[in-house]
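What follows is the residue order along each chain.
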Amino acid sequence: MNSTLSETPPYAPVLIKLLQGVVYSDDNPYWDQLQSYLTPVSEYFGKIGLRVQNYETQGFAYLEQPDPDPDDPPAERLPRLVIRHRLSFKATIFYVLLREQLRQFDASDEIGRLVLSMEELRDLLQPYLPEGNNEVKFHIEVKALVNKTVRETGFLKKLTGDDDNYEVCPIIKAKIDAEMLERLTQKLEDYADDFSDPDD
């Protein structure tokens, strides 16, 4: 037992943390461990087909699993660490809206973090998820979408001790780049126009 413990590398905690999800610059001691041992951590995960995406200046890191080579026989393809699920239309709308908010924030003179209240999140979604005559149902739907985003993607993080405000996390910029944002934003604008057209 002692022999096994002595072989545990000093960066073992950050290995486990990365397997759990995103590591942010305020996640200490994990962030400092990652920056200090980036090479051996990357080599460790590389042996099992994973890449460490380390955005040091932006303050976050995560694991990425490349798509398998279609020419490889099925028996040689690695199973996915995280099973991919097709995004719902509502989730796609929400993520694009959050990404656009962060783009506008980065382009402004604001400093610090982008924090949005639940009311602001509802206002973002209202044109795409019209509440009709059931405001309560709309609020429940938005709350469920926010909770799912916090739990499954890390695009939002609830502020400690605050049930009403959420930080838009920078990892969303790595998942939705500028080109994808432009393409999806145009689709949402077309959808909003079609939805608001009284002739439809």
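The rules behind each value
Residues numbered from 1 in each chain as written. Predicted model: local features only at pLDDT ≥ 70, side-chain atom pairs only at ≥ 80, totals over all residues. Heavy atoms only, no water. Helix = DSSP H or I, 4+ residues; strand = E, 2+ residues; numbered from the N terminus. Contact = heavy atoms within 4.5 Å. Polar contact = N/O pair within 3.5 Å; in protein donor to acceptor, adjacent residues only side chain to side chain. Buried < 20%, exposed > 50% of the residue type's maximum accessible area, 1.4 Å probe, protein only. Arc of directions from axis to C-beta. Axes fitted to C-alpha atoms, helices over the stretch in contact; angles between N-to-C directions. Parallel < 35°, antiparallel > 145°, perpendicular 65-115°, else oblique. Left-handed = near helix turned anticlockwise from the far one by under 90°. Pairing = 2+ DSSP bridges. Expected span 1.5 Å × (residues − 1).

1. Topic: the environment of Asn54
Along the chain, Asn54 falls in strand 2 (residues 51-55). C-alpha separation for the pair Asn54 and Leu38, spaced 16 residues apart in sequence, amounts to 8.5 Å. Once residues lying within four places of it in the same chain are set aside, the contact partners of Asn54 are Trp31, Leu34, Gln35, Leu38, Phe60 and Ala61. Of the polar contacts made by the side chain of Asn54, one reaches the side chain of Gln35; its length is 3.0 Å.

2. Overview of the environment of Arg103
Counting through the fold element by element, Arg103 comes out in helix 5 (residues 89-107). On the basis of relative accessibility, which here comes to 40%, the residue Arg103 falls in the partly exposed class. Residues Arg103 and Lys173, 70 residues apart in the sequence, show an inter-C-alpha distance of 8.5 Å. At 2.7 Å, the side chain of Arg103 and the side chain of Glu100 are in polar contact.

3. With respect to helix 6 (residues 118-125)
Those residues of helix 6 that fall on the buried side of the exposure criterion are Met118, Leu121, Leu124 and Leu125. Looking straight down helix 6, one finds its buried side chains confined to an arc of 115°; they lie on one side. Facing away from the buried side of helix 6, by more than 90 degrees, are the exposed residues Glu119 and Asp123. Of the surrounding secondary structure, the elements contacted by the buried residues of helix 6 are helix 5, strand 4 (115-117), helix 7 (135-152), strand 5 (156-158) and strand 6 (165-168).

4. Some details on the packing of helix 2 (residues 12-20) against helix 4 (residues 38-46)
Any two packed helices are characterised by the angle at which their axes cross and by the distance between the axes. Where helix 2 contacts helix 4, the two axes come as close as 11 Å, and the packing angle between them is 55°. By the angle between their axes, helix 2 is oblique relative to helix 4. Classified by chirality, the crossing of helix 4 by helix 2 is right-handed. Contacts between helix 2 and helix 4 involve Val14, Leu15, Leu18 and Leu19 on the former and, on the latter, Val41, Tyr44 and Phe45.

5. So, the pairing of strand 6
Relative to strand 6, strand 4 runs antiparallel, the two being bridged by three bridges. Following the sheet pairing, Ser117 is matched in strand 6 by Asn165. Two successive antiparallel strands, strand 5 and strand 6, enclose a turn made up of six residues, where Gly161 displays a positive phi of approximately 75°.

6. Description of helix 5
Taking 1.5 Å of rise per residue, the 19 residues of helix 5 would be expected to cover 27 Å, and the 27 Å separating its terminal C-alpha atoms lies within 8% of that figure. Within helix 5, burial applies to Ala91, Ile93, Phe94, Tyr95, Val96, Leu97, Leu98, Arg99, Glu100, Leu102 and Phe105.

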